[in-house]
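Descriptive analysis of the structure
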Amino acid sequence: MPSSTASLDLDAASSALDVRLAARHGGFAGHTSGLAAEYVQGNLAILPAALADDFRRYCALNPKACPLLGVSEPGDPTLAALGADLDLRTDVPRYRVWRDGVLVDEPTDLTRWWRDDLVAFVIGCSFSFEHALLAEGIPLRHVEQGRNVAMYRTSIETQPAGVFHGPTVVSMRPMTAADAIRAVQITSRLPQVHGAPLHLGDPSRIGIRDLDRPDYGDAVEVRDGELPVFWACGVTPQSAIATARPPFCITHAPGYMLVTDLLNRDLIAA
C-alpha cells in the first residue's frame, strides 16, 4: 500500500494514488511537475452550478487551452472516471479560492470551502506531455532545476462564452530548434493535454514583454541557440475567471495539479 504521509520520495516512478494520498494527508504541498510519469495530470476549476453551462461552452470553444478530461456532478467531490480513490477537496497539493475575481485563500484542503452546488472541471495539463518529451530525450530545464514551469498571459484572446473570456495563457520551455521540431511532432498527438505548441520564437509576437517575468510559475533561462516554445496552458481558465469575477470559485494553484489514474499512453491519438 502507498504511504499516506510520504512526500520527499515522490518522483516520476510514483503512482497517481501515491501523490494524491500524500497531498490528502498533508505530507506533500509542492508542485507536481516531474511526478508520476505514467499518469495524466489535470488543471482544476470548480464553479457554482449556475455558471457550469457557460464554463463548459467556454472549454468547448477553446479546446487547445481547455481540453476537458472530466466534469463532476453538482456537490460531488469524486470523479470515478479519473480515479477510484479520488477526492477533489483534498487531493490537489494547493488550491486557490476566489471571491468576485479576487484571490482570498490558498488552502491545501477544501473541506471548509466545499458547497453542495459546486461543479468541478478537470482540464488536461502540459505536465502530462512533458513525460512524453522526456521519454524521447528532450531535456526540460524547469524539470532539471526542480522549478515550476514558466507561464505567461498573452495577447491571444480566447473565444468567449457567457461571462467567461480573456487572454490565452501559455507555458514556455526553451529548446534547440531540432528538439522543438521533435516536440511539435510528439505533442501534436496529445490533443487532450494541449497538443502542439501555439508559438515558437519571438515572445513579443504573442504579447509577452519579458520572459524573465512570468505571470505564473518560475522563470528559466533561454540560452544561446535555443528557442522559447509556447504551449496553450490550462491556467487560461484562471485568467477567464479573474476577468468574469464570479461571486465564488476555486482553482488549483498553477503547477499544483490533480494527478489522475488515467494513463498518458492512452491519450496518444492515432
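Structural notes, computed from the coordinates. (Residues numbered from 1 in each chain as written. Predicted model: local features only at pLDDT ≥ 70, side-chain atom pairs only at ≥ 80, totals over all residues. Heavy atoms only, no water.)

Let's shift gears to the packing of aromatic side chains. Overall, the coordinates contain seven aromatic pairs when judged by the stated rule. Both rings, one in Tyr 58 and one in Phe 164, keep their centres 6.3 Å apart while their planes meet at 50°; by these two values the pair is tilted. Taken together, the residues span a long stretch of sequence, with Tyr 58 in helix H2 (residues 49–61) and Phe 164 in the loop between strand S6 (150–157) and strand S7 (167–176) at a distance of 106 residues. In this structure Phe 164 comes out as buried when scored by relative accessible area, which is 0%. The interplanar angle of 75° and the centroid separation of 6.4 Å between the aromatic rings of Tyr 152 and Phe 230 together place this pair among those described as edge-to-face. With Tyr 152 in strand S6 and Phe 230 in strand S9 (residues 226–232), the pair connects residues that are 78 residues apart, well separated along the chain. Neither Tyr 152 nor Phe 230 differs from the other in exposure class; each is buried. Connected via pairs of aromatic rings, a cluster forms that spans Phe 55, Tyr 58, Phe 121 and Phe 164. The residue whose ring lies beneath Arg 112 is Trp 113, and the NZ or CZ to ring-centre distance is 4.5 Å. (Phe/Tyr/Trp six-rings, centres within 6.5 Å; stacked < 30°, edge-to-face > 60°. Helix = DSSP H or I, 4+ residues; strand = E, 2+ residues; numbered from the N terminus. Buried < 20%, exposed > 50% of the residue type's maximum accessible area, 1.4 Å probe, protein only. Lys NZ or Arg CZ within 6 Å of the ring centre and 35° of its normal.)

Below, the discussion takes up the side chain of Thr 32. Its place among the elements puts Thr 32 in the loop between helix H1 (16–24) and strand S1 (39–48). On the basis of relative accessible area, Thr 32 is assigned to the buried category, the value being 0%. In terms of polar contacts, Thr 32 uses its side chain to reach the side chain of Gln 41, at 2.6 Å. Beyond its immediate chain neighbours, meaning those up to four positions away, Thr 32 contacts Val 19, Gln 41, Pro 93, Phe 127, Gly 255, Tyr 256, Met 257 and Val 259. (Polar contact = N/O pair within 3.5 Å; in protein donor to acceptor, adjacent residues only side chain to side chain. Contact = heavy atoms within 4.5 Å.)

Our next topic: the nonpolar core. Soluble, globular proteins show a tendency: their nonpolar side chains are buried together. Ranked by size, the top nonpolar core spans 33 residues in total, and within it Leu 44, Ile 46, Leu 133, Met 175 and Ile 250 carry the most contacts. Contributing elements (two or more residues each) for this core: S1, strand S3 (95–99), strand S5 (118–124), helix H3 (126–135), helix H5 (177–187) and S9. The contacts of Met 175, once residues within four sequence positions are left out, are Leu 133, Ile 138, Leu 140, Ala 180, Ala 183, Glu 226, Leu 227, Val 229 and Trp 231. Within the second largest apolar cluster, 20 residues are counted, among which are Ala 45, Leu 47, Cys 66 and Val 119. (Core = buried A, V, L, I, M, F, W, Y, C linked by side-chain atoms within 4.5 Å.)

A few words on the sheet that holds S7. Backbone hydrogen bonds hold the strands of a sheet together, and the pairing may be parallel or antiparallel. Strand order in this open sheet of four strands is S6-S7-S9-S8, and the pairing throughout is antiparallel. Each edge of the open sheet carries a strand with a single partner, namely S6 and strand S8 (199–200). With five bridges joining them, S6 and S7 adopt antiparallel strand pairing. Bridged to Met 151 within S7 is Ser 171. Across the face of the sheet, H5 comes into contact with S7, S8 and S9 while running at roughly 130° to S7. Set on the sheet, helix H6 (residues 236–244) makes contact with S6 and S7; between it and S7 the angle comes to about 150°. (Pairing = 2+ DSSP bridges. Axes fitted to C-alpha atoms, helices over the stretch in contact; angles between N-to-C directions.)

So, on to empty space enclosed by the protein. Under the counting rule described, the total for this entry stands at one cavity of 30 Å³ or more. In this structure, the largest cavity occupies an estimated 30 Å³ of space. Asn 43, Cys 125, Ser 126, Phe 127, Val 149, Met 151, His 194, Cys 233, Gly 234 and Met 257 together form the lining of the largest cavity. Broken down by class, the residue content of the lining of the largest cavity amounts to six nonpolar, four polar and no charged. (1 Å grid on protein atoms, 1.4 Å probe; cavity = no way out; pocket = protein on both sides within 12 Å on 5 of 7 lines; lining within 4 Å. Points joined across faces, edges and corners; volume = space filled by probe spheres on them. Nonpolar A, V, L, I, M, F, W, Y, C, P; charged D, E, K, R; others polar.)

Of the positions making up H5, those classed as buried are Asp 179, Ala 180, Ala 183, Ile 186 and Thr 187. Down the axis, H5 shows its buried residues gathered within 125° of arc, on one side only. Exposed and oriented more than 90 degrees from the buried face of H5 are Ala 178 and Ile 181. Tucked inside the fold, the buried residues of H5 contact H3, S7, S8 and S9. (Arc of directions from axis to C-beta.)

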